[in-house]
Amino acid sequence: MHKVVIIGGGYAGVSALTRLAGRKEIEVTLIDRHPYHFLQTEGYALVANTLPFDSTIIDLHALCRSFAPPATFLHDAVTDIDLQQKRVTVENSTPVTYDFLLICAGSVTRFMPSIEGLRRCSHGVKSLTGAFEMKQFFERELFIRLENAQHAGHAYSVVIGGAGLSGVEIAAEMQHYFNRYYQSNTLSCERLQIHLIAGGDTLLKGMHPAIVARSEARLQQLGVILHKGAHIARVEPDKAILEDGAHVDFDFMLFTGGIMASPVVSRLSLVHNKLGQLLVDDTLQVPETEALFAAGDAAEIHDKKGNILPDTAQVAIKSGAHAATNVLRLLQGKKPLPAHIRIKGIAIALGGEYAILDLGKIRIYGRLAHSAKKITERLYRWPLWLRCREGARRIASQSGR
Ligand SMILES: Cc1cc2nc3c(=O)[nH]c(=O)nc-3n(C[C@H](O)[C@H](O)[C@H](O)COP(=O)(O)OP(=O)(O)OC[C@H]3O[C@@H](n4cnc5c(N)ncnc54)[C@H](O)[C@@H]3O)c2cc1C
């Protein structure tokens, strides 16, 4: 029996799991510090209250039990990896040994230490806890406004630092949410304001100029205030101070300006890039190790031409599946294959039923793009939910419920 351990049950880890589990010759163990896979790509809908939180998670216990034979799920935090002894140390259980290890531990928000006060005074949105807290914060504010007419006249401001994909999606969705409230209630929300701070001269850096222009127009139409070329120098509990001395006051600040590899990955004595991501070869193996693969945000992954691929769910899913395939190939005595991951397209949700879908040569704007994004999200979610339902049924029948 070969032991395969996967660290991280996010997009990459779950994709590897579904390829490896259910085989008699392999014992698969998935380890995650959370009992769920948080669907970060739907985080904007959770924050804006268009999806309940249970629709943004996949239960990892139930998912692992759905395979025959089942995979083992260990709900624990990995603290160390002994590459010589092939052993993973976790916080609360005995260490787990492996023949092959897949590192899929993802990334965390990178609160730049050079920006004083950033970590202390702003929030990240990469975890379910962060997204949930933010959602509750806004709901509470709206509720207080409903109860207290005087308070409803107060200005309320949210600053989003970082105008990449996640910052733009959340800004658009939140502003749409506030506008929707304003239209359908006597509640005064016109003084609820979202500020989006972009360090560069443009938002959505690296994307096609037509997409950038349309996104900007949409954000302005919604009423989001854009601050382009604005560098945050310092953050205080109620204001972001810019390098030119200007400041933007806030009641809540969210920082989406960058990511770095999860600490358990960046701590490993292996070769990393400046974000702490592991450098892997084109088969996604960590060089000079035999049994170690990395996928998703935990690794710097290149396309066929050598360009670095963006840290997206799409790349995580494909790289997780590919790393798992290469483990299977090695177990069959075959050579691992290069990954050659290609991005098929990217969809950006821009509030309500408006989105942009970029398929390379074709770009689609509006409702159609929004429907395509929703369908893609469901096509990912539904097969996993069906599996979870089966896994939950098995757990219940075993415990006599
Ligand atoms: C708001 C937002 C919107 C986004 N929108 C899009 C989008 O529209 N399209 C897109 O393609 N991408 C989008 N992304 C990016 C995408 O979500 C990430 O690239 C993707 O989640 C990476 O997948 P992953 O499996 O590498 O990591 P993750 O999904 O982050 O999973 C990593 C897992 O590892 C676990 N873990 C970490 N450390 C440990 C440890 N020490 N011990 C045990 N477990 C550990 C974590 O709990 C987590 O479950 C968005 C991101 C955000 C934040």
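The shown structure was predicted, so the numbers you read here are calculated from the model rather than taken from an experiment.

1. Here we look at unusual backbone geometry
Item 1. Here the bond from A68 into P69 is cis, since omega is 0°, no more than 30 degrees from zero.
Item 2. By secondary structure assignment, the location of P69 is in the loop between helix 3 (60-65) and strand 5 (72-75).
Item 3. Even without glycine at this site, L204 takes up a positive phi of about 45°.
Item 4. Take L204: its relative accessible area is 1%, and that puts it in the buried class.
Item 5. Within the chain, H340 stands out as a residue other than glycine whose phi angle is a positive 40°.
Item 6. Following the sequence through the fold, H340 ends up in the loop between helix 10 (313-331) and strand 22 (346-349).
Item 7. Classification of H340 as partly exposed rests on a relative accessible area of 39%.

2. Looking at the site of the ligand
Item 1. Near the ligand you find 32 residues, and of these A12, D32, V78, D297 and A313 are the closest.
Item 2. Take Y11: an N or O atom from its main chain is 3.0 Å from an oxygen atom of the ligand.
Item 3. The separation between an oxygen atom of the ligand and a polar main-chain atom of Q314 is 3.5 Å.
Item 4. Here the ligand has 1,000 Å² of accessible area as a free molecule, and 92% of this is covered by the chains.
Item 5. Counting only elements with at least two residues in the shell around the ligand, the list comes to helix 1 (11-20), helix 7 (165-184) and helix 10.
Item 6. Of all the elements, helix 7 adds the most residues to the shell around the ligand, at 4 residues.

3. Thoughts on the packing of helix 1 against helix 10
A pair of packed helices can be characterised by two numbers: the angle between their axes and the separation between those axes.
Item 1. In the contact formed by helix 1 and helix 10, the axes pass within 7 Å of each other and the chain directions differ by 35°. Seen from above, helix 1 lies across helix 10 with right-handed handedness. Along its contact with helix 1, which presents Y11, A12, S15, A16, R19 and L20, the element helix 10 presents A313, A316, I317, G320, A321, A324, T325, V327 and L328.
Item 2. When the residues that make up the contact of helix 1 with helix 10 are grouped by side-chain class, the tally is 11 nonpolar, 3 polar and 1 charged.

4. Some points on the sheet that holds strand 2 (residues 26-32)
Item 1. Reading across the sheet, the 5 strands line up as 5-2-1-9-20 and stay open at both edges, with parallel pairing between neighbours. Looking at strand neighbours, the two that pair on one side only are strand 5 and strand 20 (292-294), the edges of this open sheet. Taking the axes of each pair of neighbouring strands and ignoring which way they run, one obtains an average angle of 20° across the sheet.
Item 2. Pairing analysis gives 4 bridges linking strand 2 to strand 5, with the strands arranged parallel. Its bridge partner lying in strand 5, L30 is registered against F73.
Item 3. The sheet strands contacting helix 1 are strand 1 (2-7), strand 2 and strand 9 (100-103), and the helix crosses strand 1 at an angle near 160°.
Item 4. Across the sheet, helix 10 is in contact with strand 1, strand 2, strand 9 and strand 20; its angle to strand 9 comes to roughly 170°.

The rules behind the values
- Residues numbered from 1 in each chain as written.
- Predicted model: local features only at pLDDT ≥ 70, side-chain atom pairs only at ≥ 80, totals over all residues.
- Heavy atoms only, no water.
- Helix = DSSP H or I, 4+ residues; strand = E, 2+ residues; numbered from the N terminus.
- Buried < 20%, exposed > 50% of the residue type's maximum accessible area, 1.4 Å probe, protein only.
- Near = heavy atom within 4 Å.
- Polar contact = N/O pair within 3.5 Å; in protein donor to acceptor, adjacent residues only side chain to side chain.
- Areas by Shrake-Rupley, 256 points an atom, 1.4 Å probe, with all protein chains shown as cover.
- Axes fitted to C-alpha atoms, helices over the stretch in contact; angles between N-to-C directions.
- Left-handed = near helix turned anticlockwise from the far one by under 90°.
- Contact = heavy atoms within 4.5 Å.
- Nonpolar A, V, L, I, M, F, W, Y, C, P; charged D, E, K, R; others polar.
- Pairing = 2+ DSSP bridges.

Everything listed here is a matter of geometry and, on its own, says nothing about what the molecule does.
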